[in-house]
Amino acid sequence: MANEITVSGTLSYSKSNARASLSGSLRADQTGDHYVQAVQDVGTSEENIAKGDIGTIGWCAFRNTDEDNYVELGATTGVYTLKLGPGEFHGPLKWNSTAVFAKANTASCKVEYLLIEL
C-alpha cells in the first residue's frame, strides 16, 4: 500500500487591508506501521516522549495544553529546536529521528502528541 499518511496545512495572515495565505498538502508512504497518540506530563528535567514500538519517527504533531508555561522539544538530547508556548500547536512536522526529547520551563506541562513511524 502507498500514501498512508496525509499531511496538510494552511498559514494565513490578515492585518488592516493586507492578506496572505499559503496552503499545501501531500501524501507520504509509510515503511513501518506504528503510531502513538497520547498525552504526556512533561517535567522540568529532560525526558523522552513515549513512542511505543516506533523505530524512526517520520511525522509528528504536538500541542502544549498548559495555560502558563512553555515546553521545548528536540531530536537530540539537550538541543531543543521547537518551543511550544502555552496552548500552542505545532505540526504536522517531518521529524526523521528515533526520539523526541522534551523539557518544560517552569512547571510540568501536559503535551498532547501524535507520532507516526517513517
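Just above sits the structure.
Description of the structure in this document. (Residues numbered from 1 in each chain as written. Predicted model: local features only at pLDDT ≥ 70, side-chain atom pairs only at ≥ 80, totals over all residues. Heavy atoms only, no water.)

Side note on the pattern of salt bridges
Okay, so step 1: Applying the stated criterion across every chain yields a total of two salt bridges.
Okay, so step 2: Between Lys 110 and Asp 41 there is a salt bridge; the shortest N-O distance is 2.7 Å. Here Lys 110, found in strand S10 (residues 109-117), pairs with Asp 41, found in strand S3 (residues 35-42); they are 69 residues apart in sequence, far enough to count as distant.
Okay, so step 3: Taking the relative accessible area as the measure of exposure, Lys 110 reaches 43% and is therefore partly exposed.
Okay, so step 4: Here Glu 112 and Arg 63 are joined by a salt bridge, their closest N and O atoms 2.9 Å apart. Note that Glu 112 is positioned in strand S10 and Arg 63 in strand S5 (residues 57-64), a separation of 49 residues in sequence. (Salt bridge = Lys/Arg side-chain N within 4 Å of Asp/Glu carboxyl O. Helix = DSSP H or I, 4+ residues; strand = E, 2+ residues; numbered from the N terminus. Buried < 20%, exposed > 50% of the residue type's maximum accessible area, 1.4 Å probe, protein only.)

A few points about the side chain of Asp 66
Okay, so step 1: Along the chain, Asp 66 falls in the loop between S5 and strand S6 (71-74).
Okay, so step 2: One buried charged residue, Asp 66, remains without a salt bridge, the closest side chain of opposite sign being Lys 110 at 8.8 Å.
Okay, so step 3: Here Asn 69 takes part through its backbone nitrogen, which lies 2.6 Å from a polar atom of the side chain of Asp 66. (Lys, Arg positive; Asp, Glu negative; His and termini not counted. Polar contact = N/O pair within 3.5 Å; in protein donor to acceptor, adjacent residues only side chain to side chain.)

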